[in-house]
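What follows is the residue order along each chain.
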Amino acid sequence: MTTAWSRRALLATGGGAALALGLPTAASATGSAALPASAASTTTAADAAAEFAALRAKWRDLYLGTGFSPTAEPFKSKLADLGAQASGFLSTMAPARGSLWPDLVYLDPEPDTDTESFNFSANMNTGYNRLRTMAEAYSQPGTGVTGDTGLRDAVITGLDHLYADVFNESTARYGNWWNWQIGAPQALMDTCVLLYDALSDAQRANYCNAVDKFLPDSAVGSYTGTSTGANRVDLCRGMILRGIVGASTAKVALAVDALSPVFPYVTTGDGFYPDGSFVQHTSIPYIGGYGAVLNDGLGRLFALLRGSTWEITDPGSRQFLDTIDAAIAPFIYDGLMMDNVSGRGITRVGASDHTRAHGVMASIVLLGMGAGPEENARWRAMVKGWLQRDYYAPALKAGSLSLVNTARLQTLLDDTTVTASPEPAAHRIFHNMDRATHRRLGWGAGLSMASERIAHYEFGNGENKRGWHTGAGWLQWWGDGAGLEQYSDAYWPTVDPYRLPGITVSRKKLADGQGGAWANPKPGTKWVGGTGDGEFGTTGQHLQGLASTMRARKSWFWLDDCVVCLGSGITSADGAAVETVVDNRCLGASGTQRLLLDGVAQPATRGWTTTRTTTWAHLDRHAGYVFPGGTELHALREERTGAWKDINDGGTATPNTRQYVTLWKDHGTDPADSSYAYILMPGASSKRTADRAADTGWLQILGNDAGRTGIRVPSLGFTGVNFWAAGTAGKVTASAPVCVQIHEKRDGTATISVSDPSRTVTGLTLTWKRPVKSVLSKAETVTGVQTGSSVTMTFGDLSRSRGATHTVRVRVR
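Draft legend 1. Representation of the overall build of the chain within the structure. Helix and strand counts for the chain stand at 17 helices and 33 strands. For the chain, the C-alpha radius of gyration of 29 Å lies close to 28 Å, the compact-globule estimate for 813 residues. Seen through its principal axes, the chain has C-alpha atoms that stretch 85 × 60 × 55 Å. Sorting the 813 residues of the chain into buried and exposed places 61% on the buried side.

Draft legend 2. Local environment of the nonpolar core. Residues Met134, Phe167 and Leu409 are the most contacted members of the largest nonpolar core, which totals 182 residues. Per element, the largest residue contribution to this core is 10 residues, and it comes from helix 6 (residues 177-194). Ala736, Val740, Val754 and Ala779 belong to the second largest nonpolar core, which has 27 residues in total.

Draft legend 3. Broad picture of the side chain of Arg408. Relative to the helices and strands, Arg408 is located in helix 14 (residues 403-414). Within the structure, Arg408 has its side chain in polar contact with the side chain of Asn405 (distance 3.0 Å). Among all residues touching Arg408, those that are not within four sequence positions of it are Leu62, Ala362, Val365, Leu366 and Met369.

Draft legend 4. Structural detail: the packing of helix 6 against helix 7 (residues 201-214). Between helix 6 and helix 7, the shortest axis-to-axis distance is 10 Å and the interhelical angle comes to 160 degrees. In terms of orientation, helix 6 and helix 7 fall into the roughly antiparallel class. With respect to the hand of their crossing, helix 6 and helix 7 are arranged in left-handed fashion. Contacts between helix 6 and helix 7 involve Trp180, Gln181, Pro185, Leu188, Met189 and Cys192 from the first element and Tyr207, Cys208, Val211 and Phe214 from the second. Grouping the constituent residues of the contact of helix 6 with helix 7 by class yields 9 nonpolar, 1 polar and no charged.

Draft legend 5. Just the sheet that holds strand 6 (residues 426-430), in detail. The 4 strands are arranged 6-7-8-9 in an open sheet whose pairing can be described as antiparallel. One side of each edge strand has no neighbouring strand; the edge strands of this open sheet are strand 6 and strand 9 (472-478). Within this sheet the neighbouring strands show an average axis-to-axis angle of 10 degrees, counted without direction. As defined by bridge partners, strand 7 (residues 435-440) adjoins strand 8 (residues 443-449) across 6 bridges and the pair is classed as antiparallel. For His438, the partnering residue across the bridge sits in strand 8 and is Ala445.

Draft legend 6. Just the state of the cysteines, in detail. Applying the stated criterion to the full structure yields 0 disulfides. Its sulfur unpaired, Cys562 is 8.7 Å from the next cysteine sulfur, which belongs to Cys565. When its relative accessible area of 0% is taken as the criterion, Cys562 is described as buried. Judged by relative accessible area, Cys565 falls into the buried class, the value being 0%.

Draft legend 7. View of the sheet that holds strand 22 (residues 700-704). Taken in spatial order, the 7 strands make up an open sheet running 22-23-24-27-28-33-30, and their pairing is antiparallel. Where the open sheet ends on each side, the last strands, each with one partner, are strand 22 and strand 30 (772-778). Each adjacent strand pair in this sheet contributes to an overall mean axis angle of 15 degrees, direction not counted. Examined bridge by bridge, strand 30 and strand 33 (residues 806-812) share 5 bridges and lie antiparallel to one another. Bridged to Ser777 within strand 33 is Arg809.

Draft legend 8. View of the packing of helix 2 (residues 45-64) against helix 8 (residues 229-245). Between helix 2 and helix 8, the least distance of the axes is 9 Å, while the angle of their chain directions is 130 degrees. The angle between helix 2 and helix 8 places the two elements in the oblique class. Contact with helix 2, carried on its side by Phe52, Leu55, Arg56 and Trp59, involves Arg237, Leu241, Gly243 and Ile244 of helix 8 and no other residues of that element. Its residues assigned to classes, the contact of helix 2 with helix 8 comprises 5 nonpolar, 1 polar and 2 charged.

Draft legend 9. Highlighting the pairing of strand 20 (residues 656-669). Within strand 20, 10 of the 14 residues are buried, which leaves it mostly tucked inside the rest of the structure. Of the strand pairs in this sheet, strand 15 (residues 577-586) and strand 20 are connected by 9 bridges, and their pairing is antiparallel. Note on strand 20: the bridge partner recorded for Ala577 is Thr669. For strand 19 (residues 623-642) and strand 20, the ladder comprises 9 bridges, and the chain directions are antiparallel. Residue pairing across strands places Ala635 opposite Leu663, the latter belonging to strand 20.

Draft legend 10. Highlighting the packing of aromatic side chains. Considering all chains together, one arrives at 25 aromatic pairs under this definition. Note on Tyr163 and Tyr207: the rings are 6.3 Å apart at their centroids and 70 degrees apart in plane angle, and the pair reads as edge-to-face. Taken together, the positions of Tyr163 in helix 5 (residues 149-165) and Tyr207 in helix 7 put the pair 44 residues apart, joining distant regions of the chain. Of the two residues, Tyr163 and Tyr207, both sit in the buried class. With a centroid separation of 5.2 Å and 85 degrees between ring planes, the pair formed by Tyr491 and Trp492 is classed as edge-to-face. We note that Tyr491, like Trp492, is buried.

Draft legend 11. Region of interest: the pattern of salt bridges. Within this structure, the stated rule accounts for 39 salt bridges. One salt bridge connects Asp561 with Arg692, and the closest N-O pair in it is separated by 2.8 Å. Of the two residues, Asp561 sits in the loop between strand 13 (551-558) and strand 14 (563-571) while Arg692 sits in helix 17 (residues 686-694), which places them 131 residues apart along the sequence. Each member of the pair Asp561 and Arg692 is classed as buried. Ionic contacts of the salt-bridge type, sharing partners, join the residues Asp212, Asp217, Arg242 and Lys251 into one network.

About the thresholds
- Residues numbered from 1 in each chain as written.
- Predicted model: local features only at pLDDT ≥ 70, side-chain atom pairs only at ≥ 80, totals over all residues.
- Heavy atoms only, no water.
- Helix = DSSP H or I, 4+ residues; strand = E, 2+ residues; numbered from the N terminus.
- Rg over C-alpha atoms; globule rule 2.2 N^0.38 Å.
- Buried < 20%, exposed > 50% of the residue type's maximum accessible area, 1.4 Å probe, protein only.
- Core = buried A, V, L, I, M, F, W, Y, C linked by side-chain atoms within 4.5 Å.
- Polar contact = N/O pair within 3.5 Å; in protein donor to acceptor, adjacent residues only side chain to side chain.
- Contact = heavy atoms within 4.5 Å.
- Axes fitted to C-alpha atoms, helices over the stretch in contact; angles between N-to-C directions.
- Parallel < 35°, antiparallel > 145°, perpendicular 65-115°, else oblique.
- Left-handed = near helix turned anticlockwise from the far one by under 90°.
- Nonpolar A, V, L, I, M, F, W, Y, C, P; charged D, E, K, R; others polar.
- Pairing = 2+ DSSP bridges.
- Disulfide = S-S within 2.5 Å.
- Phe/Tyr/Trp six-rings, centres within 6.5 Å; stacked < 30°, edge-to-face > 60°.
- Salt bridge = Lys/Arg side-chain N within 4 Å of Asp/Glu carboxyl O.

Laid out in structure tokens, this is it:
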């Protein structure tokens, strides 16, 4: 292969720029990358060198993948695409002062930390990423440029140019810290591992010194700021690779020790919580973003260091493995990662809930290799089930996976000894991040709320400019025939951001990025959370609108084939209408699915709308909706057009057009104490929906006001009550504002579940007027139980449990 320029000429250009800037050149630089004279972790320098060589070889395998045939699909096509991409980068590479590619100018005329400077620092980072891609194409088989020395030399020349021109010991950081401390160091060190033998000692020393400048030991000196959670793992990864490339035992040891704060569960701030919650940026639920990064990063580091001097043996690492079942799996449904734990990432063009899950699945398989045999088998069966059920964007066909992750998942899919496991039937409440998930046979759902602890939404880097109401009771769901593409098919650029499904919202106009970048605006409400017994659930939210006077008390009762949704105390003084959005379904580019209102088919004409008193509705291949006692329902069939750039500065301006059917209740302008009630039945047929509406005794509403919201479903033995204040609902009386659920079983037992969502209750007396024989088990917080014609339970201080569930099991008469 030939290039449009010679390596000697480029070196002259790079060196000249360095001299003009007063920067060190490769020939004159000295650094700390040389092998130390003694190594505390090894007996001899030769032993240390051998171990570092082994670790470099291991990282190559982890990065490039093993055990796949380059002539078999999908690897053949992926390798060819990789080669074509690398060749394209090579052909357009044009080193100059301030850039390595003409479209990636990193020279900032006014270097600081504003948004414009962010773009310049991102261009520098992207340059390193392109060089890494070229090095990968050189190293992988079957790319068409495998082993091409011209390509290899161009990569090295590019590394020297970036070192001389921008990323070295003498330059000052500008723009986004992430590009300097995480993005560029990782890409640079990956490339150094791939091309290690082609680099001189002086070059490796230069690159390591540059990493030391921007990723110093002090970056992991304290567990705070930008050095927590997933960011800490990324920082440690860059430092470990720098240690391996530069043969520094001290760097590797420091970084491994610095991982320890990541493992323990936290009670505030960033990290994993005992209930499975994961928070980043202090108040953003982020399992699908930073949590996935942390998961992938630790999985690779566990695998890399296993069996070495620096194997990760911190006892807390066992706790991290528990997060696969407790935190990750509940938010993956049939091969997609629920959007309500992905922060601003939901607005990135080219990504979706499916693509976010793909890499996580591969990470779980990798982590399973280092877990116990029972866990490994369970996780492999779980991941295989996700792979097989995702018909919309299958991981091995969607093209989003790296080659190494493709190999990992393809091997699992081909493994006939692994039987795919189905989605479990389970309810989970994540009280430390205001989220809930619910799974039943054939459908699943996820709920997103906000409180004084968890932000309404995340806005930053120009991303997620209109995510204002994603914490206002946003209810996502998937059901039989409902379509795994619902939130993947250009949903976010086309959906009305004021009409997200499930929310109660003021139509008051908000500015893009309302609240400001990285502000993470939070409401002032405390009572947000719920309880459950693992099968059914009861959840509530005292909602305060973003930049709004709107208030509401929202409740969800999670049952076997439906979610019962109630709201009360809906009040506002914004001078704007307030709505509760029953649902807002995307029908695709040309969908005309039939909508029934009380059994009567409505027009499929775009722009059609109606308002009428309705007892039930049904949208073909989606869901049924029942309105106990009837409600004035608004329905709209509309065509919506939007571009990703509308909601994300980095998105494309190409318009997307999709069809929607929206159902909502209008509470009017500046309502006072308005309410709503409806039953969502995902995947239900029109007949089942009509039958549920006709069965007026199926649901008993025990109250829906400022004091309590509760229901009873006799056929299920279910009672759920959100006590916003002390009071009585049906046969249940609470002396404090708590969430209560009672589930009577056919075996004569009942499970009473209680939580303190407001985290203010220091004592509770709870009475259920139901004859009870005996207590089978009780939480430690229960200080006394009296049984007989009714049962009265006294609880101690619940406020310290941070909204967790306290359970009492009894035998009823």
